[in-house]
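# Fold and geometry: a report
Spelled out from the first residue to the last, the chains are:
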Amino acid sequence: MLKIDDIHVYYGAIHAIKGVSFEVHEGEIVALIGANGAGKSTILKTVSGLMHPRTGHISFMGKDITHTDAYQLVRHGLAHVPEGRRIFLQMSVQENLDMGGFTQKSVQKEELDRIFQLFPRLKERRYQVAGTLSGGEQQMLAMSRALMSHPKLMMLDEPSMGLAPILVDQIFDIIKELHAAGTTILLVEQNASKALQIADRAYVLETGNITLSGTGAELARSDDVKKAYLGG
Amino acid sequence: MQLIQYLINGISIGSVYAIIALGYTMVYGIAKMLNFAHGDIIMVGAYVSFCITSYLGLPAVASIVVAMAVCMLLGIFIEGLAYRPLRGTPSLTVLITAIGVSYFLQNAAQLIWGTAPKNFTSVVTMEPLHLFDGQLVITGEVILTVIVSAAVMIGLTLFTSKCKMGKAMRAVSEDRDAAQLMGINVNLTISTTFAIGSALAAVAGVLLCSTVPTLQPTTGSMPGIRAFTAAVIGGIGSIPGAMLGGIVLGVIETFSKKYISTDFSDAIVFAVLILILLVKPAGLLGKQTQEKV
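Reference entry: report on the structure contained in this document. (Residues numbered from 1 in each chain as written. Chains lettered and ligands numbered in written order. Predicted model: local features only at pLDDT ≥ 70, side-chain atom pairs only at ≥ 80, totals over all residues. Heavy atoms only, no water.)

### Section: the overall build of chain A
Secondary structure assignment for chain A yields ten helices and ten strands. A globule of 232 residues ought to have a C-alpha radius of gyration of about 17 Å, and chain A, at 17 Å, matches this closely. In terms of its C-alpha atoms, chain A occupies a principal-axis envelope of roughly 45 × 40 × 30 Å. Scored against the burial criterion, the 232 residues of chain A give a buried share of 56%. Nonlocal contacts in chain A, meaning residues at least 24 apart in sequence, comprise 66% of its contacts between residues at least 6 apart. Put simply, chain A shows about 9,700 Å² of open surface, and 49% of that area lies on carbon and sulfur atoms. In chain A, which carries 24 positive and 26 negative side-chain charges, the distance between the mean positions of the two groups comes to 3 Å. (Helix = DSSP H or I, 4+ residues; strand = E, 2+ residues; numbered from the N terminus. Rg over C-alpha atoms; globule rule 2.2 N^0.38 Å. Buried < 20%, exposed > 50% of the residue type's maximum accessible area, 1.4 Å probe, protein only. Contact = heavy atoms within 4.5 Å. Areas by Shrake-Rupley, 256 points an atom, 1.4 Å probe, with all protein chains shown as cover. Lys, Arg positive; Asp, Glu negative; His and termini not counted. Charge placed at Lys NZ, Arg CZ, Asp CG, Glu CD.)

### Brief notes about the overall build of chain B
Check the secondary structure of chain B and you find eleven helices and four strands. Rg of the C-alpha trace for chain B: 19 Å, near the compact-globule value of 19 Å for 293 residues, within the 12% margin. Summarising its shape, the C-alpha atoms of chain B cover approximately 60 × 45 × 35 Å along the three principal directions. Taking all contacts inside chain B whose residues are at least 6 apart in sequence as the whole, residues at least 24 apart take part in 73%. Carbon together with sulfur atoms contributes 70% to the accessible area of chain B, which is approximately 12,900 Å² in total. Computed over 15 positive and 12 negative side-chain charges, the inter-centroid distance for chain B is 9 Å.

### Brief notes about the state of the cysteines
Residues and elements named next belong to chain B. By the definition in use, this model includes zero disulfides over all chains. Between C51, a cysteine without a disulfide, and C71, which holds the nearest cysteine sulfur, the sulfur-to-sulfur distance is 12 Å. Of all cysteine sulfurs in the structure, the one in C71 sits closest to C209, which takes part in no disulfide; the separation is 12 Å. Residue classification places C209 among the buried positions, given a relative accessible area of 1%. (Disulfide = S-S within 2.5 Å.)

### Comments concerning the layout of surface pockets
All names here are of chain B. By volume, the second largest pocket is sized at about 390 Å³. I13, Y17, V212, E253 and K257 are the residues nearest the centre of the second largest pocket, which is lined by 17 residues in total. Among the elements that make up the lining of the second largest pocket, the one with the highest residue count is helix 10 (residues 239–260) (four residues). Its residues placed into classes, the lining of the second largest pocket shows seven nonpolar, six polar and four charged. (1 Å grid on protein atoms, 1.4 Å probe; cavity = no way out; pocket = protein on both sides within 12 Å on 5 of 7 lines; lining within 4 Å. Points joined across faces, edges and corners; volume = space filled by probe spheres on them. Nonpolar A, V, L, I, M, F, W, Y, C, P; charged D, E, K, R; others polar.)

### So, the pattern of salt bridges
In total, this model carries 17 salt bridges over all chains according to the counting rule given. A salt bridge links A:E137 to A:R125; its shortest N-O distance comes to 3.1 Å. In this pair, A:E137 is assigned in helix 6 (residues 135–147) and A:R125 in the loop between helix 5 (120–124) and helix 6, connecting sequence segments twelve residues apart. By relative accessible area, which is 4% here, A:E137 ends up buried. Given a relative accessible area of 22%, A:R125 falls into the partly exposed group. Taken together, the shared-partner salt bridges in this structure form one network comprising B:R226, B:E253, B:K257 and B:D266. (Salt bridge = Lys/Arg side-chain N within 4 Å of Asp/Glu carboxyl O.)

### Structural notes on the packing of helix 9 (residues 221–234) of chain B against helix 10 of chain B
Residue and element names in this part refer to chain B. Packing of helix 9 against helix 10 brings their axes to within 7 Å, and their N-to-C directions diverge by 120°. Put simply, helix 9 runs oblique to helix 10. The interaxial crossing formed by helix 9 with helix 10 has right-handed handedness. The residues of helix 10 that touch helix 9, namely those facing R226, T229, A230, I233 and G234, are G241, G245, G246, L249 and E253. Taken together, the residues of the contact of helix 9 with helix 10 break down into three nonpolar, five polar and two charged. (Axes fitted to C-alpha atoms, helices over the stretch in contact; angles between N-to-C directions. Parallel < 35°, antiparallel > 145°, perpendicular 65-115°, else oblique. Left-handed = near helix turned anticlockwise from the far one by under 90°.)

### Section: the interface of chain A and chain B
Every contact between the two is made by 28 residues of chain A and, on the other side, 22 residues of chain B. With both chains or domains summed, chain A and chain B bury close to 2,500 Å², and 58% of this area falls on carbon and sulfur atoms. Scanning the region where chain A abuts chain B turns up four salt bridges. Applying the counting criterion to the chain A and chain B interface returns nine residue pairs in polar contact (both at pLDDT 80 or more). Residue assignment for the side of chain A that touches chain B shows that the elements contributing at least two residues are helix 2 (70–73), helix 3 (93–100) and helix 6 of chain A. No other element matches helix 3 of chain A, which puts four residues into the side of chain A that touches chain B. Its residues placed into classes, the side of chain A that touches chain B shows 13 nonpolar, ten polar and five charged. (Buried area = accessible area lost by both parts, 1.4 Å probe. Polar contact = N/O pair within 3.5 Å; in protein donor to acceptor, adjacent residues only side chain to side chain.)

### A word on the nonpolar core
A:F88, A:M99, B:M33, B:I78, B:Y83, B:F120 and B:I184 are the most contacted members of the largest nonpolar core, which has 82 residues in total. Not counting residues up to four positions away in its chain, the partners in contact with B:I78 are B:I41, B:Y83, B:V101 and B:L105. Judged by nonpolar contacts, the second largest core, of 45 residues, contains A:L89, A:L163, A:I174 and A:L196. (Core = buried A, V, L, I, M, F, W, Y, C linked by side-chain atoms within 4.5 Å.)

### Re a nonpolar patch on the surface
All names here are of chain B. A cluster of nonpolar side chains, M1, L3, I4, M126, L129, L131, F132, Y259 and I260, forms an exposed patch at the surface whose accessible area comes to about 860 Å². Contributions of two or more residues to the nonpolar patch are made by helix 1 (2–31), strand 2 (129–131) and helix 10. Along the chain, the position of Y259 falls in helix 10. On the basis of relative accessibility, which here comes to 46%, the residue Y259 falls in the partly exposed class. (Patch = residues over 30% accessible without salt bridge, like charges linked within 9 Å, V, L, I, M, F, W, Y side chains within 5 Å.)

### Things to note about the pairing of strand 10 (residues 209–215) of chain A
Residues and elements named next belong to chain A. Pairing of strand 9 (residues 201–206) with strand 10 involves six bridges; the strand directions are antiparallel. Each residue of the ladder has a partner; that of Y203, found in strand 10, is S213. Connecting the antiparallel pair strand 9 and strand 10 is a turn made up of two residues, with T207 showing a positive phi of about 35°. (Pairing = 2+ DSSP bridges.)

### Focus: the side chain of B:S12
Of note, B:S12 is situated in helix 1. Each residue touching B:S12, except ones within four places of it in the same chain, is listed here: B:V142, B:T145 and B:V146.

Structure representation (structure tokens):
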């Protein structure tokens, strides 16, 4: 479904991604784990078209999207929930969801019902300004907003960041639910143990290179991963 | 009665500033840049309208429509050619470019229309209203200006709160990258903003020259700066703020011209700007960002 082939990405002179290749197959949950600054978010930004690789290729659903701009990719079924949520804080919850459905022609009544069933809290706060939501609610809104575009592949960047443990569990439950409903997931996480628990496959990223890969369970048992990311 | 007369005149000129300020504020809010050439678009709009009525003899309404269309295209063209390539560069670069565009437009106007002032014929044919035995005179220009500016403000408010494109503008204004991830074409949104702002500038130009009939290549620059001040007083980025700021500024300007000194009116206006910013740094209706982390 998503194929990344030897991409090199730069921030000015800084060589941030040094030849990364990996694949996400339809129906999988794939996790990218790694320390701060390893390049996880950069990879997601490059896939979603906010950045472009200097060399290498990216294809999605059989189409080359290496140089496609972000706003066009949404129409192809790619959604990116960025790090730090990036919801529109001055707009209401409903308006944020409207923006999520920007590419859809008609009003998404059914999708809204589904989202409000998944996140009843958002329904309660539907007309509230999004900036007044709690961190967990903001994450739920960011995910819901992405769902409004009917994504085939959803990329989540640090969905558990800054959330209380109980909320982290809730967010991961929802990811599993979305996956069960047919959405393919590419997950970037610092919370490696959580990510490996739900991932079919995972890749470990270190300073711009993929150093390990395997199934979620394999990596969770790996000594290197245990030492570096799972606290022994 | 005289006081009320000045107040009405102040509101009228303030309404013109408000329409210009709306253009400034929209472009600032969405493209995050100060388009200092905005005032000169006003001048171009007025010249186009002048040519259509004086040389082609067409009715005033047609001249306004053509002026709006020409300015709209000019706005899109300037944005695409001068500002878009600079996206992502420091804001100072864009600011200097905007000042360059402003001089370019003034000099181009000099080449096309000459430096000699043209006598602009008002687009309003309505007879002035004489109230209280002629003690209070309300001209057709005043009535038209106030109605148009109120309509523009209401229209823009509805557009940004109800229309898909208007909401997309607010999204781009808040977070450009996140807006792209929603499928919003940021370049198209910014072009649309320039188109709307420039069309409004054409309307402002025609209204301004209907009230103050001297038209020359520098006609737009001072009202442009005053309108920018109005946008800052009201809270830049805010639509009702631009309206309020424009009217406050117009009234202060008229009163200080009549009661204090014509020469010092601009100084007084800018002193008021400083005072307001000292008390309310975000302007009268400036956005208070609600944020919870």
